[in-house]
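Structural description and commentary
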Amino acid sequence: MPDLAWFVVRRLAAAILVMLALSLAVYLIFYALPADPAHLACGKPCTPDRLEQARHFMQLDQSTLQQYLNFLKGVFAGRTFGEGTAAVHCNAPCFGYSFPLARPVTTLIIERLPVTASIALGAAVLWLLIGVSLGVVAALNRGRLLDRLAVGFALVGVASPSFLVGLLAILVFGFWLNMVPVNGYVPFTESPVDWAWHLITPWLVLALIQAAAYIRLTRAQMLEELSLDHITTARAKGAGESRVVLRHGLRGALVPIVTLFGLDLGGLLGGAILTEKVFSMQGLGELLLSAVGQLDVAVVVGTTLFSAFLIILANLLVDIVHGALDPRVSHG
Amino acid sequence: MPDELLRLDGVRKYFGVRGAPWREGKAVRAVDGVDFVVRKGETVGLVGESGSGKSTLARVATRLLDPTAGTVAIGGADVTKVRGRKLRPVRRKIQLVFQDPQASLNPRQSVGTILTTPFRAQGVRPTRAQLVDLLRQVGLSGEHLERYPHEFSGGQRQRIGIARALSVQPELLICDEPVSALDVSVQAQVLNLLADLRDELGLSYVLVAHDLAVVRQVASRVAVMYLGTIVEEGPAAEVYSAPAHPYTKALLSAVPVPEPGAERDRIVLSGDVPTPIDPPSGCPFRTRCYKAEDVCATKRPVLEPVEGSTEHRAACYFPETPTL
Amino acid sequence: MADRPVLEVHDLHVTFRTENGLVPAVDGIDFAVAPGRTLAIVGESGSGKSVSSAAVMGLLPANADVKGEVLLDGRELVGLPADELRAIRGNDIALVFQDALSALNPYYTVGWQVAEAYRLHHSVSKKEARRRAVELLDLVGIPGAARRAGNYPHEFSGGMRQRVVIAMALVNNPKVLIADEPTTALDVTVQAQIMRLLADVQAEFGTALVLISHDLGVVAETADDVLVMYAGRAAERGTVRDLFHRAAHPYSLGLLGAVPRVDVPPRPRLATIPGTPPSPGSITTGCPFQPRCAYAERVGERCVTERPELTPRPGEGDHEAACHLGRRPADA
Ligand SMILES: Nc1ncnc2c1ncn2[C@@H]1O[C@H](COP(=O)(O)OP(=O)(O)OP(=O)(O)O)[C@@H](O)[C@H]1O
Ligand SMILES: Nc1ncnc2c1ncn2[C@@H]1O[C@H](COP(=O)(O)OP(=O)(O)O)[C@@H](O)[C@H]1O
Ligand code: SF4
Ligand code: SF4
Ligand SMILES: [Mg+2]
Ligand SMILES: [Mg+2]
């Protein structure tokens, strides 16, 4: 589909423009803050001399615009701070350098991504399963007890803050029942079982909360779909109820569900801040949170841009998948 | 000419269409070069199959849509470029009545409020007596003023739509499928109402309809549209009894008549109306025409007087000749 | 009337349980149709035509109560277990809907949808079903059927879509075809094509056709017998000539007078029936047509107090009307 390729190219080009604008905005906002990153780096006692030195080293003594251009240059060509033996290299793509952590931001993101991705993907699969199946059940039992239960569950889920549910889960399953580990992350490559075992509680917590929106969406979409004429056609052909509901009804409800799913997942991959915090997992969200605490502007800017990129990417994918799922779009 | 209420010259209306976001937009040629005149006292029927551009033409004529090309003159004045507030006096002369009485009335407004709105748009405040008068004209009564659209039947709602259009005392009503959502018995009531209003108020109409029998019942003149163009027009009696364009002839022959065993020479057209995104070259009807020859593909035929008539015109290289 | 009817409906009642109480949408109707013949059911919207056909197919929603007999080849369908009914639906009786676009599932190709109808009643391979689908698409006059089978409904014109729906209905060689306003959404030129197709199919396969329509022109051209419904009841029943030449019920007469005609010069005024049809169940005693009937005064009290039943017209064969007026209205 050359049309599709062309569309992707255009969208990516647009995405780059958006990222540029966004990075500028983020840069300006964070550098306009009164906090001075050089202060943190200059150590104690921080004499004006050493401060000046630090500023120079971190290239903070240049104009804001120049700094932004340096940042851009770093993305494409990498950059070097200082000279000679003291020099610090940040290879392309360099999204900034964290002096407090003494690592390039890119490396930090790459290190942290598996943690966040593990949390997000596992939870996503769960909430999709829970949300869609409960939504279908609710729609099929519209107005009856099962429907009320599912809708009530969704209401609670929507209203619960994730950190509260998380803490509660830790308290009940971790401390009282002592069933699951309450914190820490084990890489998948080390031990898949431990990996899953450590993640099960955050997955469930996130899934229960996120599933709420999917229950409601699926229920509404299914009710709508099942009222359509082509559902009657399917029945008139002699199709059984399960076929009518799944092959014909759910198929139509899929498009909005997948759309929401893509956007949610894209957002979550950028950092499940509260979940990571509550379960003490060193993911992207936690990285951002602690960077904000330490005024580590480079990390804040870098992770923010990364999250934004993921969201833009998710949007693009959702558009493409939408086309693939709806023949009225792709076979226009 | 002073008695020309509406004159369209060379009107085109193209719509951009969007497919998938990664596809090129194309233009739908909804109306593709139409000259159309309505004179005082006339009821002009605009017929044609779905998608032929009738509604689009009606909306261009009422200045609800800007034409892509061509001019719209109302009451002798060119209003193609008139916009915003200046349109008010124009709108006053020419009103549109919609197909779906359900969709065109705001369900949260009482009939009184609905009827007041057009007055407001003209900057007037109607008296209750005026509103009651309006309702009487369309066969309803004052007690209906406080009611809401859902409390009425389809036919009554269409009457309310007509009353609303009449409120600004227009000279020309453009009715887009005014009866196609109604049952036969109610349809007849509304058609009779339109005829009565014409006689009482000296109204003129453009009646957009796909039902050729409905148009025959009320129209003094008809224009037949196909793929955005008018292929035949003339006095209703002539067009119906001696259609000159092969399309009109086929169209009329396809209408079933309520007469069991009636002998009819039916011309069953093959195929469908081509897409207005990519209409055929030359005569737009040539892909389905039973008389098409090579010349038909070369240049689009223009409306020309039919043999033995001045008012009756058809756009065809090989028009049917009346068999007298 | 040589053949025994394949479909017989006796004293059919359909009542909907709604929030506003019971709605008697169909209040005792009878009809029968023999192989190769066409019965038209006419009446204004809301008179119960579609509900009757849905009742025959067993496709009514759960809030509908059906009473009476629906006999297919002598076999009672009312009260049949769901799976037995499913085996009949789409196989022995098939339905053609008014709006082909909404009757087709937008997410599947038309070939798939026709094939599905076949596979639901035949245990054949997908390939075999596909072949049958193409055969049927070809039969109903879709040019390039093999290729077009891979297209989605929105890629067809209205007329072609209705052909697809007809192909889907015919794929199992049903004995009875119920067509609920099959051409109302179509242009006249396309309507002519579709009506010709239905006639050809009937001639070839001897299908019994129940044609639901409010277009008296279509009825006059295609029907053998006609049932005129008014407010959920039968007003008149007879051959097509009985209705058009010897209409016995004031309502039938009113309808005929209200239809504008394309083939004769216009009358100065169309005849009208004053008022509008009653909502179901609002008229409980007497004749449901009484408030709109021009002859009620001539008959007097009986029209208000006594419900007229279908009674044979003396000397007119099977022609029946439900009216207290003894003579033909035209002579009254
Ligand atoms: N806003 C729009 N955008 C794109 N295409 C449009 C738009 N409005 C109308 N069209 C297209 O223009 C053509 C003419 O449409 P129009 O509504 O005028 O037809 P019509 O003759 O009134 O048909 P009908 O009998 O179905 O009402 C159609 O192909 C239609 O799809
Ligand atoms: N699901 C339903 N619940 C309640 N009333 C219904 C339902 N379906 C149809 N009706 C009512 O039954 C009557 C007959 O409807 P229908 O058979 O669709 O009429 P038509 O003759 O136009 O096909 C109408 O008054 C309609 O409002
Ligand atoms: S110009 Fe040719 S194709 Fe067009 S209607 Fe006349 S005969 Fe047919
Ligand atoms: S029974 Fe009476 S009211 Fe009913 S149709 Fe006959 S004459 Fe009219
Ligand atoms: Mg229209
Ligand atoms: Mg119906």
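- Chain C has the name ABC transporter ATP-binding protein in an unreviewed UniProt entry, where Kribbella turkmenica is given as its organism.
- The UniProt entry for chain C carries the following comment under Subcellular location (unreviewed entry): "Cell membrane".
- For the record of chain C, the UniProt heading Sequence similarities (unreviewed entry) holds the text "Belongs to the ABC transporter superfamily."

- Per an unreviewed UniProt entry, chain A goes by ABC transporter permease and derives from Kribbella turkmenica.
- What UniProt states about chain A under its Sequence similarities (unreviewed entry) heading is, verbatim, "Belongs to the binding-protein-dependent transport system permease family."
- Per UniProt, chain A has the following entry under Subcellular location (unreviewed entry): "Cell membrane".

1. Side note on the pairing of strand β7 (residues 176-180) of chain C
All names here are of chain C.
- Taken across its five residues, β7 has five buried, putting it largely inside the fold.
- Burial of β7 is two-sided: the residues V176, I178 and D180 facing one way and the residues L177 and A179 facing the other way are all buried.
- Summarising the sheet, strand β6 (residues 93-96) and β7 pair through four bridges and their orientation is parallel. The residue bridging A94 from the neighbouring strand is L177, located in β7.
- Summarising the sheet, β7 and strand β8 (residues 208-213) pair through five bridges and their orientation is parallel. When the sheet's bridge partners are listed, D180 is paired in β8 with I212.
- For the handedness criterion, the β-α-β arrangement of β7, helix α8 (residues 188-205) and β8 is classed as right-handed.

2. Overview of the interface of chain C and chain B
- Contacts between the two partners involve 44 residues from chain C and, on the opposite side, 37 residues from chain B.
- Summing both partners gives a buried area of about 3,600 Å² for chain C against chain B, and 57% of it is carried by carbon and sulfur.
- In terms of surface lost to chain B, no three residues of chain C exceed T189(C), R261(C) and V262(C), which account for 18% of the buried area on that side.
- At the surface where chain C touches chain B, the tally comes to three salt bridges.
- Close ionic contact of R269(C) with D196(B) constitutes a salt bridge, the shortest N to O distance being 2.7 Å.
- Scanning the region where chain C abuts chain B turns up 15 residue pairs in polar contact (both at pLDDT 80 or more).
- Mapped by element, the contributors of at least two residues to the side of chain C that touches chain B are α8, α9 (216-222), α10 (240-246) and α11 (250-258) of chain C.
- When residues of the side of chain C that touches chain B are assigned to their parent elements, the largest contribution, seven residues, is made by α8(C).

Rules and cut-offs
Throughout, residues of each chain are indexed from 1 in the direction in which the sequence is written. Chain labels run from A onward and ligand labels from 1 onward, assigned in the order the entries are written. This being a predicted model, a pLDDT of at least 70 is required before a residue's local features are given, and a value of 80 or more before pairs of side-chain atoms are given or counted; all residues contribute to the totals for chains, interfaces and linings. Processing note: side-chain calculations cover all non-hydrogen atoms of the structure and skip hydrogens and water entirely. UniProt positions are given in the numbering used here, feature names are shortened, and annotations may be inferred rather than shown by experiment. Exposed residues in this analysis have more than 50% of their type's maximum accessible area, buried residues have under 20%, and partly exposed residues fall in between, with area computed by a 1.4 Å probe over protein chains only. Working definition: helices are DSSP H or I runs of at least four residues, strands are E runs of at least two. Numbering for both runs from the N terminus. Strands pair, by our definition, only if DSSP identifies at least two bridges between them. Handedness of a crossover: with both strands directed away from the viewer, a clockwise path from the first strand across the helix to the second marks it as right-handed. The contact criterion used throughout is that any non-hydrogen atoms of two residues lie within 4.5 Å. The quantity reported as buried area is the accessible area (1.4 Å probe) lost by two parts once they are put together, taken as the sum for both. We count a salt bridge whenever a side-chain nitrogen from Lys or Arg sits within 4 Å of a carboxyl oxygen from Asp or Glu. A 3.5 Å cut-off defines polar contacts: any pair of N or O atoms within that distance qualifies, except that in protein one atom must be a possible hydrogen donor and the other a possible acceptor, and neighbouring residues in sequence count only when both atoms are side-chain atoms.

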